[in-house]
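# Structural features, examined
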Amino acid sequence: MFLLSYSKPIGVFDSGLGGISVLRALRVLMPSENFVYFADRRNAPYGSRPDIEIIHLTRNGIEYLRRLGCKAAVIACNTATSVAAEILRKEYSSFAIIGLEPAIKPAINKYPDGNVLVLATPVTLNHKKFINLLSSLDGHNVVALAAPKLVTYVEGDTANSSGCLKYLSSLFAEYNCVRFDACVLGCTHFPFAKHTISCALGYSPEFFDGAQGAAHHLRDVLASENMLNKDNKNGYIFWNELYSNGLNRKLLYDKYN
Ligand code: DGL
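This section reports on the structure supplied with the text. (Residues numbered from 1 in each chain as written. Predicted model: local features only at pLDDT ≥ 70, side-chain atom pairs only at ≥ 80, totals over all residues. Heavy atoms only, no water.)

## As for the pattern of salt bridges
This model, assessed by the stated rule, comprises nine salt bridges. A salt bridge links Glu241 to Arg41, with the nearest nitrogen and oxygen atoms 2.7 Å apart. Remark: Arg41 occurs in the loop between strand S2 (35–39) and helix H2 (51–67) and Glu241 occurs in strand S9 (residues 237–243); sequence separation between them is 200 residues. Judged by its relative accessible area of 6%, Glu241 falls in the buried class. Here Arg66 makes a salt bridge to Glu63, at a shortest N to O gap of 3.3 Å. One end of the pair is Arg66 and the other is Glu63, both in helix H2 and three residues apart, which spans about a single turn. Connected through salt bridges with shared partners, the residues Arg41, Glu155 and Glu241 form a single ionic network. (Salt bridge = Lys/Arg side-chain N within 4 Å of Asp/Glu carboxyl O. Helix = DSSP H or I, 4+ residues; strand = E, 2+ residues; numbered from the N terminus. Buried < 20%, exposed > 50% of the residue type's maximum accessible area, 1.4 Å probe, protein only.)

## Some points on the site of the ligand
Around the ligand sit 13 residues in total, of which Ser15, Tyr46, Gly47, Asn78 and Thr79 are the nearest. Between Thr79 and the ligand, the recorded distance is 2.5 Å, taken from a side-chain N or O atom to an oxygen atom. Within the backbone of Thr188, one N or O atom sits 2.8 Å away from an oxygen atom of the ligand. For the ligand, whose free accessible area comes to 300 Å², the fraction covered by protein is 99%. (Near = heavy atom within 4 Å. Polar contact = N/O pair within 3.5 Å; in protein donor to acceptor, adjacent residues only side chain to side chain. Areas by Shrake-Rupley, 256 points an atom, 1.4 Å probe, with all protein chains shown as cover.)

## Re the packing of aromatic side chains
Summed over all chains, the structure comprises seven aromatic pairs. Pairing Phe38 with Tyr64 gives two aromatic rings, centres 4.8 Å apart and planes at 35°, and the pair type is tilted. Highlighted residues: Phe38 in strand S2 and Tyr64 in helix H2, separated in sequence by 26 residues. When sorted by exposure, Phe38 lands in the same class as Tyr64, which is buried. (Phe/Tyr/Trp six-rings, centres within 6.5 Å; stacked < 30°, edge-to-face > 60°.)

Take a look at the structure:
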């Protein structure tokens, strides 16, 4: 079937299920767009891997989405964005690649004198991009904590378990006397653990993540190239999950529901 270029799908890539938090924001903003989601669950988690492996795996994911005819791709993973987005943008110069950034600035803007907690993977927090961002925020109260095991809890659908609560409680123990006004979820898996994060803290901070920012950015890019889908129907999601024993693919919503 011949597809007009604007009705081609948008690719969404993550190491696993975390990118669903981004897919949700994309669908709210652009309901008529079609999406192809690629979850590299065979190689998840990415968050403690060497850069060279993350670049290789992310390149494979982007290449897969491009070959399926996507008109643009979202790296719905803060870790992969930190390490691979710039490199891949150079390699695929005619293919729009949107990344995810920890939403620290919106949190600081809302709470300039407050306490801001950032949770992300070790790779994201140790990357020079994040370190530069933190040093530009000198004078603000920002605590950044790596929570790599939280990815595994979300992947295993156990983010609401007592094990996950225990893990987060011990992670936060050192900050028992601090009340965080904002919590920046710098990993796309973490929005699925908001409830347990609040339980471990003993209160609910305001949560910030980069999904809406990425969705707006992508919409602007597509609009500027006249590539937004002009269809009035709800788009489909073509789900692709890579496991050690192969690829699982299914169409989640068809065009006419
Ligand atoms: N969802 C990812 C992120 O936003 C990565 C999680 C992982 O694979 O470690 O950082």
